[in-house]
Amino acid sequence: MSELMKQKLAAQERDFAPLSDLLKRKFELDAARAPEVDIAAIMAGTLKKRAPQRRRLLFRPALAVTLLLLLTAAAALLYRPALAPEEAPLPRLTFDDAERLINANKLEKVTILYQSGRADIQTDAPVPMVWVRKGEN
Amino acid sequence: MDSSTFDRLVKETKGWVFATAYHILRSRAEAEDVMQETFLALYTHYDTLDSKEAVYRWLKTVAVNKSLNATKRNVFVELEDFVAERVFSTPDDGGERSVYADQMMERLQEGLDKLSPEHRAILLMREIEGLSYEDIAAKMDCGIGTVMSRLFYARQNIRKFLERKNT
């Protein structure tokens, strides 16, 4: 395989000769454009790399992904559907007032704040059962 | 190493160290970095090299290896360089080159851009340095078969690219 490849390469090398000359010419031109070497910094041990400063401007996948996630989160916060407004707190009543209002069929809803005991209240109100504080029944 | 020896060595070799790095990296900023790093390495390793020939051989190998390493750590094309090279570059050899030569040089540049850094490195070692397949294989730490196939591919692709551009 190696001999066959060598023959193919030799034939290719002959065809490639003009381009090879061009490559050499290009190499010489690049060499002539070489920038200065910072000899003083090398000898003093203070040589700094220059390219990384430029690289900071470049597109970085990690940075891009982070920015994309942040933007998505911000957009989600801005455009999420408005939450239902919180209901106004029900007025707090004493047990006696609650019982009186239930009996008068004036309460639609009863919220029990203390649940240390239990009692049934017979009422025509929409709330058939309430939890009451022990000792107040 | 004293300052004047180092200064003389740098002046003698910086052209091809830079051109080698630029040939492989296709970025002036990266090539400049590699050039500075190569000379920094030379400054610290100089005492281990026993002759001028050894220094030259060492510099060539280090320039190629550092350039190939630089391609691994930076896979992104620098926008700044791209713009500088493609938009603002002008021939700087006194206008002696013909328009045709300029066009060919530009196309060759584009053709080289299409190759991988490894292919460019092998092309450089064979076409410009004139190294044997065995020497290239030793420098690249790969088999002779790999060197041959990469060289074949590199030449073929540059030719095809230039032919396509000419039609």
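Residues numbered from 1 in each chain as written. Chains lettered and ligands numbered in written order. Predicted model: local features only at pLDDT ≥ 70, side-chain atom pairs only at ≥ 80, totals over all residues.

S.K.: Looking at this structure, I do not really get the overall build of chain A. What am I missing?
M.R.: For chain A, the count of helices and strands is five helices and zero strands. Counting from the amino terminus, helix and strand elements in chain A follow one another as α-α-α-α-α. Relative to its 137 residues, chain A shows a buried fraction of 12%. Counting only contacts in chain A whose residues sit at least 6 apart along the sequence, the fraction spanning at least 24 positions is 10%. (Helix = DSSP H or I, 4+ residues; strand = E, 2+ residues; numbered from the N terminus. Buried ≥ 20, exposed ≤ 12 C-beta atoms within 10 Å, placed from the backbone. Contact = placed C-beta atoms within 7 Å.)

S.K.: It is not clear to me how the overall build of chain B should be interpreted in this structure. Could you clarify?
M.R.: A count of helical and extended segments in chain B gives eight helices and zero strands. Each helix and strand of chain B, ordered N terminal to C terminal, gives the series α-α-α-α-α-α-α-α. Counting all 167 residues of chain B, 34% fall into the buried class. A separation threshold of at least 6 residues defines the contact pool for chain B, and within that pool the share at least 24 residues apart is 68%.

S.K.: Would you mind going over the confidence of the model for chain A with me for this structure?
M.R.: When pLDDT is low, close inspection of the predicted coordinates is not appropriate. Residue and element names in this part refer to chain A. Counting all residues, the mean pLDDT for chain A is 71, and 56% of those residues have values of 70 or more. Least confident of the elements in chain A is helix H3 (residues 51–55), whose mean pLDDT is 52; most confident is helix H1 (residues 2–32), at 87. Note on residues 115–129: pLDDT is under 50 here. Beyond four places in sequence and across chains, it has 25 contacts. Counting contacts from residues 131–137, a segment whose pLDDT is below 50, to residues more than four positions away or on other chains yields 17 contacts. (pLDDT = per-residue confidence, 0-100.)

S.K.: I'm lost on unusual backbone geometry in this one. Help?
M.R.: Leave glycine aside and you will find that most residues have negative phi; peptide bonds, for their part, are mostly trans. Residue and element names in this part refer to chain B. In this structure, Arg-26 takes a positive phi of about 60° despite not being glycine. Within the secondary structure layout, Arg-26 lies in the loop between helix H1 (3–25) and helix H2 (28–45). One non-glycine residue, Asp-141, adopts positive backbone phi at about 60°. Mapped onto the secondary structure, Asp-141 falls in the loop between helix H7 (133–140) and helix H8 (144–166).

S.K.: Would you take a moment to explain the interface of chain B and chain A for this structure?
M.R.: Many descriptions give the size of an interface as the accessible area lost when the pieces come together. Facing the 40 residues of chain B at the interface are 33 residues of chain A. Contributions of two or more residues to the side of chain B that touches chain A are made by H1, H2, helix H4 (79–86), helix H5 (99–114), helix H6 (117–128) and H8 of chain B. Here the side of chain B that touches chain A gets 11 residues from one element, more than from any other, and that element is H1(B). Residue composition of the side of chain B that touches chain A, grouped by class: 22 nonpolar, six polar and 12 charged. (Nonpolar A, V, L, I, M, F, W, Y, C, P; charged D, E, K, R; others polar.)

S.K.: Explanation requested: H1(A) in the structure shown.
M.R.: Within an α-helix, residues lying three or four positions from one another point in the same direction, as the helix has 3.6 residues per turn. All names here are of chain A. For H1, built from 31 residues, the straight-helix expectation of 45 Å at 1.5 Å per residue is missed by more than 12%, its first-to-last C-alpha distance being only 38 Å. At Ala-17, H1 is deflected by roughly 60°, the largest bend along its length, and proline Pro-18 occurs up to four residues later in sequence. For H1, the full list of buried residues reads Phe-16, Leu-23, Lys-26, Phe-27 and Asp-30. (Expected span 1.5 Å × (residues − 1). Bend = angle between axes of the 7 residues up to and from the residue.)

S.K.: Explain the nonpolar core here, please?
M.R.: Soluble globular proteins tend to bury their nonpolar side chains together. Among the nonpolar cores identified, the biggest contains 36 residues, and Phe18(B), Ala21(B), Met35(B) and Ile122(B) are the most heavily contacted of them. Those elements that place two or more of their residues in this core are H1 of chain A together with H1, H2, helix H3 (52–73), H6, H7 and H8 of chain B. If one sorts the elements of this core by residue count, H1(B) sits on top with eight residues. With residues near it in sequence (within four places) discarded, Ile122(B) still touches Ile136(B), Met140(B), Val147(B), Arg150(B), Leu151(B) and Ala154(B). (Core = buried A, V, L, I, M, F, W, Y, C linked by C-beta atoms within 7 Å.)

S.K.: In this structure, what is going on with the packing of H1(B) against H6(B)? I would like to understand it.
M.R.: Helices that pack against each other are described as a pair by the angle of their axes relative to one another and the distance between those axes. All names here are of chain B. H6 packs onto H1 with a crossing angle of 140° between their chain directions and a minimal axis gap of 8 Å. Between H1 and H6, the crossing angle belongs to the class labelled oblique. Between H1 and H6, the residues in contact are Thr-20, His-23 and Ile-24 and Pro-117, Arg-120, Ala-121 and Leu-124, respectively. A class-by-class count of the residues in the contact of H1 with H6 yields four nonpolar, two polar and one charged. (Axes fitted to C-alpha atoms, helices over the stretch in contact; angles between N-to-C directions. Parallel < 35°, antiparallel > 145°, perpendicular 65-115°, else oblique.)

S.K.: What exactly am I supposed to notice about the confidence of the model for chain B here?
M.R.: All names here are of chain B. When pLDDT is averaged along chain B, the result is 82, and 81% of the positions lie at 70 or above. No element of chain B has a lower mean pLDDT than H4, at 44, and none a higher one than H6, at 92. Confidence over residues 86–96 falls short of pLDDT 50; this stretch has five contacts with residues more than four positions distant or in other chains. On the interface metric, ipTM, the complex scores 0.75, and its pTM is 0.59.

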